[in-house]
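Working through the structure, step by step
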Amino acid sequence: MEAMGVLMTYPMSSYLEQRLQNRFTLFRLWNLPNKTHFFNHNAHNIQAVVGSTHIGADRELIDSLPALEIVSSFSVGLDKVDLAYCKEKGIRVTNTPDVLTDDVADTAIGLILATLRRICEGDRFVRSGLWKKDEFKLSVKFSGKKVGILGLGRIGTAIAKRAESFNCSISYHSRLEKPESKYKYYPSVIKLASNCDILVVACALTEQTRHIINREVIDALGPKGVLVNIGRGAHVDERELVSALVEGRLAGAGLDVFEHEPQVPEELFGLDNVVVLPHVASSTVETEMAMADLVVGNLEAHFLKNPLLTPVV
Ligand code: DGY
């Protein structure tokens, strides 16, 4: 298998990098001094791309690799992979579902608690010595709140289960109602937002869900509502989110993802009702290894002509 060329697009995990290096001929896209020279000399020797949430496999990259057979993404979300084009060209695509579900759902609950209970703000209050001079302000209770989930897939369902243990009532919106689900379904995201205290974005990013959280939805969530996003930044119209937070039309936000990562709108830095994370919902030691093992397992299965472990295309 050492003869197989694998192009890694981004330095996503040193454990993964090591595993790929031990098993295949590994090329690192971010390390190339001269990309044109590299592609002219090596493109024909690359059978696989390992992409991330930052750089996947767009049409341009796919077209520059004539021997490409498979894209194995180190992520569950595949918005950075041109799935339709892969399908058209017969290129297989895999992702890393299930192994990261718990961590992403845990992070969603963490963001809810951190935002409502002002956990990061309280930490800053103690560290800065302000506690010696002042009382910390009251926060907002999480237990018993109405949680709305946009996208009741694996991750959305795991968030719902966790929120249930806080005695929250759960409702959701997704493309199709899930008849087997016990949670209340709303046929539109606006209806969902109007009927919850905390709206959690947990769906896949597609052309249909880009900017699904727009001004109308934010206004429907209202000045007591909190938005939590562990999906993709582009689900949210970020300019509208920032202005709603600055103008007090939304109570707060817990955000793991942003529209133009790693750029984060600077207006958010001055807001105590906002908790920001650097897209790390699945980034634990355990899950990073499990995701990496799945990426390598999919590549091995493909090159051995075995069934893929987690095929998408
Ligand atoms: C993924 O893997 O797509 C997610 O960004 C994890 O948070």
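In this text the structure is predicted, and so the values were computed from the model without any measurement.

1. Re the side chain of Glu 300
With respect to the helices and strands, Glu 300 occurs in helix H11 (residues 285–303). On the accessibility criterion, Glu 300 (18% relative accessible area) is buried. Once residues within four sequence positions are removed from consideration, Glu 300 is found in contact with Met 1, Arg 19, Arg 23 and Phe 24.

2. Comments concerning the UniProt feature "domain: D-isomer specific 2-hydroxyacid dehydrogenase catalytic" (unreviewed entry) in the protein chain
The UniProt feature table records "domain: D-isomer specific 2-hydroxyacid dehydrogenase catalytic" (unreviewed entry) at residues 8–312. Measuring from the first to the last C-alpha atom of residues 8–312 gives 19 Å, for a span that is 35% helix and 14% strand.

3. Here's the deal with the site of the ligand
The immediate surroundings of the ligand are formed by Thr 53, Ser 75, Val 76, Gly 77, Leu 100, Val 104, Arg 232, His 279, Ala 281 and Ser 282. One nitrogen or oxygen atom from the side chain of Arg 232 is found 2.6 Å from an oxygen atom belonging to the ligand. Per-class residue counts for the shell around the ligand are four nonpolar, five polar and one charged.

4. Looking at the packing of helix H1 (residues 14–23) against H11
Interaxial distance between H1 and H11 falls to 9 Å at its minimum, and their mutual angle equals 25°. What the angle tells us is that H1 and H11 run roughly parallel. Regarding H1 and H11, the two cross each other, and that crossing is right-handed. Where H1 abuts H11, its residues Tyr 15, Leu 16, Arg 19, Leu 20 and Arg 23 lie against Glu 288, Met 289, Ala 292, Asp 293, Val 295, Val 296, Leu 299 and Glu 300.

5. Some details on the domain arrangement of the protein chain
Looking at the assigned domains, one finds that the protein chain contains domain 1 (5–99 + 285–303) and domain 2 (101–276). Counting from both sides, the interface comprises nine residues of domain 1 and, opposite them, seven residues of domain 2. Carbon and sulfur atoms supply 40% of the area buried between domain 1 and domain 2, which totals about 650 Å² over both sides. Per-residue buried area on domain 1 facing domain 2 is highest for Asp 79, Asp 98 and Thr 287; these three make up 56% of the total on that side. The interface formed by domain 1 and domain 2 includes two salt bridges. When the shortest N-O distance is used, the salt bridge between Asp 98 and Arg 154 registers 2.9 Å.

6. Examining the sheet that holds strand E3 (residues 48–51)
Spatially, E2-E1-E3-E4-E5 is the arrangement adopted by the five strands of the open sheet, whose pairing is parallel. Edge positions in the sheet fall to strand E2 (25–28) and strand E5 (92–94), since each of these pairs with one other strand and no more. Within this sheet the neighbouring strands show an average axis-to-axis angle of 20°, counted without direction. Seen against the sheet, H1 touches strand E1 (5–8), E2 and E3 and runs at an angle of roughly 140° to E2.

7. A few points about the packing of aromatic side chains
A full pass over the atoms with the stated rule returns six aromatic pairs. Ring geometry for Phe 38 and Phe 39: centres 5.2 Å apart, planes at 80°, overall edge-to-face. In terms of burial, Phe 38 and Phe 39 fall into one category: buried. An aromatic cluster is built from Phe 27, Phe 38 and Phe 39, whose rings are joined through pairwise contacts. A cation sits over an aromatic face here: Arg 59 above Tyr 85, 3.8 Å from the ring centre. One residue, Lys 184, lies across the ring of Tyr 186, its end atom 4.9 Å from the ring centre.

Procedures and definitions
Residues numbered from 1 in each chain as written. Predicted model: local features only at pLDDT ≥ 70, side-chain atom pairs only at ≥ 80, totals over all residues. Heavy atoms only, no water. Helix = DSSP H or I, 4+ residues; strand = E, 2+ residues; numbered from the N terminus. Buried < 20%, exposed > 50% of the residue type's maximum accessible area, 1.4 Å probe, protein only. Contact = heavy atoms within 4.5 Å. UniProt positions renumbered as here; feature names shortened; annotations may be inferred. Near = heavy atom within 4 Å. Polar contact = N/O pair within 3.5 Å; in protein donor to acceptor, adjacent residues only side chain to side chain. Nonpolar A, V, L, I, M, F, W, Y, C, P; charged D, E, K, R; others polar. Axes fitted to C-alpha atoms, helices over the stretch in contact; angles between N-to-C directions. Parallel < 35°, antiparallel > 145°, perpendicular 65-115°, else oblique. Left-handed = near helix turned anticlockwise from the far one by under 90°. Domains from an automatic or database assignment. Buried area = accessible area lost by both parts, 1.4 Å probe. Salt bridge = Lys/Arg side-chain N within 4 Å of Asp/Glu carboxyl O. Pairing = 2+ DSSP bridges. Phe/Tyr/Trp six-rings, centres within 6.5 Å; stacked < 30°, edge-to-face > 60°. Lys NZ or Arg CZ within 6 Å of the ring centre and 35° of its normal.

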